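In case you want the letters, here they are:
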Amino acid sequence: MGAHHEDHHHAPDSRGRALRLGVGGPVGSGKTALVAALCRELGPALSLGVVTNDIYTTEDADFLRRAGVLDEERILAVQTGCCPHTAIRDDIAANLDAVETLEHRFGPLDLVIVESGGDNLTATFSRGLADRQVFVLDVSGGDKVPRKGGPGVTTADLLVVNKTDLAPLVGADLGVMDRDAAAVRGGRPVVFTSVRREPSVPEVATWVSHQVRDWSNRPARLG
Ligand SMILES: Nc1nc2c(ncn2[C@@H]2O[C@H](COP(=O)(O)OP(=O)(O)OP(=O)(O)O)[C@@H](O)[C@H]2O)c(=O)[nH]1
Ligand SMILES: [Mg+2]
């Protein structure tokens with residue numbers, strides 16, 4: 001895939017800082033809904049911050065603030081003004097600034113969630129920005145999507161297939177999506193969700209809290 005997919009950044013020193021979790025995926029798949037759900041579920045036990053990315057607006061941050069899932073000041077918006085993937089992969093300075101601002105203001109934090117602007121199947125976070133990545137698809141794109149692959153689907157630490165409530169309406173076969181995703185993910189986990197039907201997203205919340213626990217227990221020298 002050439003230079004377009006090269007990651008020019010190294011993972012920053014991880015000592016004493018929060019786990020940075022990237023949430024990416026196509027436009028409208030339910031990333032913000034998932035972030036809101038995670039804030040609601042994990043906020044009482046963990047110290048959280050959220051950074052949202054939109055091209056022209058601060059829509060996602062505004063939504064999260066209105067939803068009241070987290071102290072408003074812990075939610076920062078980055079306006080990318082360009083393709084969303086650029087700001088999370090190639091030129092990550094604005095996002096790093098936002099993450100560090102949250103850490104300075106509210107630190108020590110346990111978890112900073114960075115939501116990417118909606119993009120396509122090729123969007124992934126630089127290792128310089130996200131320690132772990134969740135990729136959110138939804139069933140309305142059709143049950144073929146996992147089989148189309150792309151680095152989000154194949155390499156994300158967790159693949160979330162959201163809007164399962166819509167599967168009967170769009171004729172998506174969840175069994176096919178599960179099988180195809182497993183075939184390209186080399187054992188990495190896949191979770192089916194309906195944030196609409198089950199707003200507490202228990203499997204995703206459990207996965208994220210395990211990541212936070214492992215991060216805080218890691219040996220100091222490891223990233
Ligand atoms: N039916 C259904 N709708 C959902 C579900 N999750 C989210 N939605 C709806 O899908 C729409 C898009 O959700 P968002 O959370 O804004 O999606 P997003 O991925 O953040 O969108 P962008 O940031 O614009 O790329 C909203 O109207 C949500 O209410 C779900 O599980 N089922
Ligand atoms: Mg969003």
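Everything numeric in this text was worked out from a predicted model, so none of it was measured. (Residues numbered from 1 in each chain as written. Chains lettered and ligands numbered in written order. Predicted model: local features only at pLDDT ≥ 70, side-chain atom pairs only at ≥ 80, totals over all residues.)

## So, the UniProt feature "binding site: GTP" (unreviewed entry) in the protein
We apply this condition: UniProt positions are given in the numbering used here, feature names are shortened, and annotations may be inferred rather than shown by experiment. Numbering of helices and strands starts at the N terminus; helices are DSSP runs of H or I of at least 4 residues and strands are runs of E of at least 2. Working definition of burial: number of other C-beta atoms within 10 Å of the residue's own, with buried at 20 or more, exposed at 12 or fewer, and partly exposed in between, all C-beta atoms being placed from the backbone. We call two residues in contact whenever the C-beta atoms placed from their backbones are within 7 Å.
With numbering aligned to this structure, UniProt lists the feature "binding site: GTP" (unreviewed entry) at G25, P26, V27, G28, S29, G30, K31 and T32. Inspection of the secondary structure puts G25 in the loop between strand 1 (19-24) and helix 1 (31-42). When the 29 C-beta atoms within 10 Å are taken as the criterion, G25 is described as buried. Residues in contact with G25, not counting those within four places in the same chain, are K31, F135, V136, L137 and G152. The residue G30 is located in the loop between strand 1 and helix 1 in this model. You can call G30 buried: it has 24 C-beta atoms within 10 Å. Among all residues touching G30, those that are not within four sequence positions of it are V136, D138, N162, K163 and V195.

## What to know about the packing of helix 1 against helix 9 (residues 202-217)
Definition in use: Inter-axis angles, ranging from 0 to 180 degrees, are taken between N-to-C directions of lines fitted to C-alpha atoms, where helices are fitted over the stretch in contact. Roughly parallel here means an angle under 35 degrees, roughly antiparallel means over 145, roughly perpendicular means 65 to 115, and every remaining angle is called oblique. It is the rotation of the near helix from the far one that decides the hand of a crossing: anticlockwise by less than a right angle makes it left-handed, clockwise makes it right-handed. Gly is put with the polar residues, along with every residue not named as nonpolar or charged; the nonpolar set is Ala, Val, Leu, Ile, Met, Phe, Trp, Tyr, Cys and Pro, and the charged set is Asp, Glu, Lys and Arg.
Remark: helix 1 packs on helix 9, axes separated minimally by 10 Å, with the N-to-C direction vectors making an angle of 65°. Regarding the angle of helix 1 to helix 9, the classification is roughly perpendicular. Classified by chirality, the crossing of helix 9 by helix 1 is right-handed. Side by side, helix 1 and helix 9 meet where L34, L38, E41 and L42 of the first sit next to V204, A205, V208 and S209 of the second. Here the contact of helix 1 with helix 9 is built from residues that sort into six nonpolar, one polar and one charged.

## Here's the deal with the sheet that holds strand 6 (residues 158-162)
The criterion, for reference: We treat two strands as partners when DSSP finds at least two bridges between them.
Pairing in this open sheet of seven strands is parallel, and the strands run 3-2-4-1-5-6-7 from one edge to the other. Either end of the sheet is taken by a strand with one partner, and the two such strands are strand 3 (75-79) and strand 7 (190-192). On average, each strand axis in the sheet is tilted by 20° relative to the strand beside it, whichever way the strands run. Strand direction decides the pairing type here: strand 1 and strand 5 (residues 132-138), joined by four bridges, are parallel. Following the sheet pairing, V23 is matched in strand 5 by V134. Where helix 1 meets the sheet, its contacts fall on strand 1, strand 2 (48-54), strand 4 (111-115), strand 5 and strand 6, and the angle it forms with strand 4 comes to roughly 165°.

## Some words on the pairing of strand 6
Of all five residues that make up strand 6, five are buried, and the element is covered over most of its length. Both faces of strand 6 are covered, namely the face carrying L158, V160 and N162 and the face carrying L159 and V161. Pairing of strand 6 with strand 7, which is carried by three bridges, proceeds in the parallel orientation. Looking across to strand 7, one finds that V161 is bridged to F192.

## Topic: the site of ligand 1
Using the following cut-off: Each residue gets a C-beta atom placed from its backbone. If that atom is within 6 Å of a molecule or strand, the residue is near it.
Taken together, 16 residues sit near ligand 1, with G30, K31, T32, G118 and R196 positioned nearest. Looking at the shell around ligand 1, the element that brings in the most residues is helix 1, giving three residues. Along the lines of polarity and charge, the residues of the shell around ligand 1 split into four nonpolar, seven polar and five charged.

## Concerning helix 2 (residues 59-67)
Put simply, the test is: Directions pointing from the helix axis toward each C-beta atom define the arc.
Listed in full, the buried residues belonging to helix 2 are D60, A61 and L64. Viewed along the axis of helix 2, the buried residues span an arc of 100°, placing them on a single side of the element. Where helix 2 is buried, its residues touch helix 1, strand 2, strand 3 and strand 4. Where helix 2 ends, the next residue or the one after it, G68, has phi of about 65°, a positive value.

## A short note on helix 4 (residues 93-106)
Side chains of residues three or four places apart in an α-helix project in the same direction, reflecting 3.6 residues per turn. Condition: In a helix, the anticipated span is given by 1.5 Å times the number of residues less one.
Taking 1.5 Å of rise per residue, the 14 residues of helix 4 would be expected to cover 20 Å, and the 20 Å separating its terminal C-alpha atoms lies within 8% of that figure. By the burial criterion, the buried members of helix 4 are N95, A98, V99 and L102. The buried side chains of helix 4 occupy one side of the element, clustering within an arc of 95° when seen end-on. Away from the buried face of helix 4 by more than 90 degrees, exposed residues A93 and H104 are located. Buried residues in helix 4 make contact with strand 1, strand 2, strand 3, helix 3 (84-90) and strand 4.

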